[in-house]
Structure formats: C-alpha cells, structure tokens
Amino acid sequence: MLALSTPMQSFAQDLKPFADTSRLVSIGGSLTEIIYALGEEKRLVARDQTATFPEAALALPDVGYMRALAPEGVLSVTPTALLVIEGSGPPEALDVLSHAGVDYQTVSEGFSHEGILAKVRAVGQALGVPDKSEALAAQLDTALKAVEARTAAIPERKKVLFILSTQGGKIQASGTDTAANGIIELAGALNAVTDYSGYEALTEEAIIAANPDVILMMDRGGDHGGTDAELLAHPAIALTNAGKAHAIIRLDGAYLLGFGPRTASAVGELVDALYGKAL
C-alpha cells in the first residue's frame, strides 16, 4: 500500500547530510527507488513494504508497512540513519523513532512534476551526493517535460475517476490532494471528483454526477480491486460514460502513484491509454 493522500507541501526541502549512512533504512517506496536510481543502494540495510521496485530491493529485510510501523521492527536492523517519507506512521511510532538516538530525517511528499524533483534533491542532500541527485533531477525533468508536451494542446480533456477500492460494493474514490489526482493532471486529464480532499466513499448519485469518461485503478487483486465485470455491473458506474464505453485502465500501484524515477514512464503509459499513442 502507498501513502496516497498526503497533502502537497512546499517543494523546497532542506535536509542535512547524515553523519553515517552505512546502515540506512528507507521508509517509502519512492525513496528507495530514488536511492537505487542514484546508485547508492549499498547503503541500504532494510526497506518498508511499499518498496517493491527495483526487484533487487525485495532482497532487503522488510521492516513493515510505512503507515503501520513498529519502532522495534525498524530498530531491529541497527540502523545508523532513517530516511522517512512524509505520511508514514503512526505518529507515536515516528515519535519513538525520531528520539531513538538514530539520525532521522523526513522527506516531504509532493504529487507533481516539481515535487518529484524536490524529493530527488532531498534524498541526495541526505546521502551527501548532491551532484548525483542534480543529474538525476535534470534527467527526470527532461522526461517529464517531454510527456507533458504531448498533452499541452489537448482540446478536450477526459474526466478520470480514480477508484481506490470497491470493497463491500462501496466505491472509494480520489478527490484532490492525492497521488491519484496528481498523476491524472500530469497525464493531461481532469479529476472527475474535486469537491473533497483525499479519499471518500461515493454515493451512487455522486458517481452519476461525476460522469467520468475513464475509470483508473491500481492493478491489484482481492476484494479491494474487483474485476472489470463487477465494476461495470455497478448500477451507478453503468450509467457513466466510462461504464458505457467499458473504459477502465489499470496500472501497477507503485508505478502509477509512486512519484519517483519511473513517473514520467507511468504518465506516458497513462497518456497512451487515455488518448492514444499518436498524441
């Protein structure tokens, strides 16, 4: 699971180089991806459950889910430094970890082009490799600008409903200030729901009123995701443009919502699915 509804913060971040990164623990899948992209993975001794890419990261010890951390689990790997993404928790666990005598820093989350670059630079500052992080930020900036240029002149932007969960037949969907909202905007589309922040269960009336052109979901199993057939059989979904056109897009959650080194690729894939590769 990802930190999906952290409010966007100021892009400027001022992290200090850790004194000792010989036993670094990274909490937050995008931070771990950035560390690998910087070529600094040799410092890592553990990861959290959201760090599923690259595949090599899966060989690291797992200290738990980022929103349900247990201090003893994190500290069991005897870290010398803790790099934690904003939105981790619970607060009482973070309080213990930040006072455990281990160098501890938080990286702010921002679900935008600029937020990704700020996150990369913050990781580089913390690891003492600002030159590497500037080079990576420049590379990602170029890639993001290229995919954004594809959608700059779209005459009619599609409305997208991001569904987080269909558990129990209830449609849990994204409003504003979420990773889902951010990726929809980067792909040149419009969030179909903008009257609340975060994630909420939608009534059938609200779904019909939102009338999305496309439904976007994380590609995952279990009751949370539901099948396309189950989703299209939902009485309110069936009445929307998306339901009538059977327009459902599913992408890997960490890839789609990570806001890290792979985001430009994820945005490009979403643009292809929304508007076609010819755009």
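All figures in this text were calculated on a predicted structure; none of them were measured in a lab.

### Some details on the overall build of the protein chain
- A count of helices and strands for the protein chain gives 11 helices and 10 strands.
- Referenced to the eigenvectors of the C-alpha coordinate spread, the extents of the protein chain come out at roughly 55 × 40 × 30 Å.
- Taking all 279 residues of the protein chain together, 55% fall into the buried category.
- The long-range fraction of contacts in the protein chain, counting pairs at least 24 apart against all pairs at least 6 apart in sequence, stands at 64%.
- Accessible surface, the protein chain: about 11,700 Å² in total, of which carbon and sulfur atoms supply 53%.
- If the 20 positive side-chain charges of the protein chain are averaged to one point and the 34 negative ones to another, these points end up 4 Å apart.

### Things to note about the sheet that holds strand E3 (residues 81–85)
- Across the sheet, 4 strands lie side by side as E2-E1-E3-E4; this open sheet has parallel pairing. The sheet terminates laterally at strand E2 (44–47) and strand E4 (103–107), the two strands that pair on one side only. Averaged over neighbouring strand pairs, the angle between their axes works out to 20° when direction is ignored.
- Two elements, strand E1 (residues 24–27) and E2, share 3 bridges in a ladder whose sense is parallel. Paired with Leu-24 across the two strands is Leu-44, which belongs to E2.
- Strand contacts of helix H4 (residues 113–127): E1, E3 and E4, with the helix running at about 170° to E3, the strand carrying the most contacts.

### Observations concerning the confidence of the model for the protein chain
- Across the protein chain, the average pLDDT comes to 94, with 94% of residues at 70 or higher.
- The low-confidence segment residues 1–10 (pLDDT under 50) makes 39 contacts with residues lying over four places distant or belonging to another chain.

### Overview of H4
- Taking 1.5 Å per residue, 15 residues should reach 21 Å; H4 reaches 22 Å between its end C-alpha atoms and fits that length.
- Burial analysis of H4 places 12 of its 15 residues in the buried class, the great majority of the element.
- Among the residues making up H4, those that are buried are His-113, Gly-115, Ile-116, Leu-117, Ala-118, Lys-119, Val-120, Ala-122, Val-123, Gly-124, Ala-126 and Leu-127.
- Count one or two residues on from H4 and you reach Gly-128, which has phi positive near 75°.

About the thresholds
- Residues numbered from 1 in each chain as written.
- Predicted model: local features only at pLDDT ≥ 70, side-chain atom pairs only at ≥ 80, totals over all residues.
- Heavy atoms only, no water.
- Helix = DSSP H or I, 4+ residues; strand = E, 2+ residues; numbered from the N terminus.
- Buried < 20%, exposed > 50% of the residue type's maximum accessible area, 1.4 Å probe, protein only.
- Contact = heavy atoms within 4.5 Å.
- Areas by Shrake-Rupley, 256 points an atom, 1.4 Å probe, with all protein chains shown as cover.
- Lys, Arg positive; Asp, Glu negative; His and termini not counted.
- Charge placed at Lys NZ, Arg CZ, Asp CG, Glu CD.
- Pairing = 2+ DSSP bridges.
- Axes fitted to C-alpha atoms, helices over the stretch in contact; angles between N-to-C directions.
- pLDDT = per-residue confidence, 0-100.
- Expected span 1.5 Å × (residues − 1).

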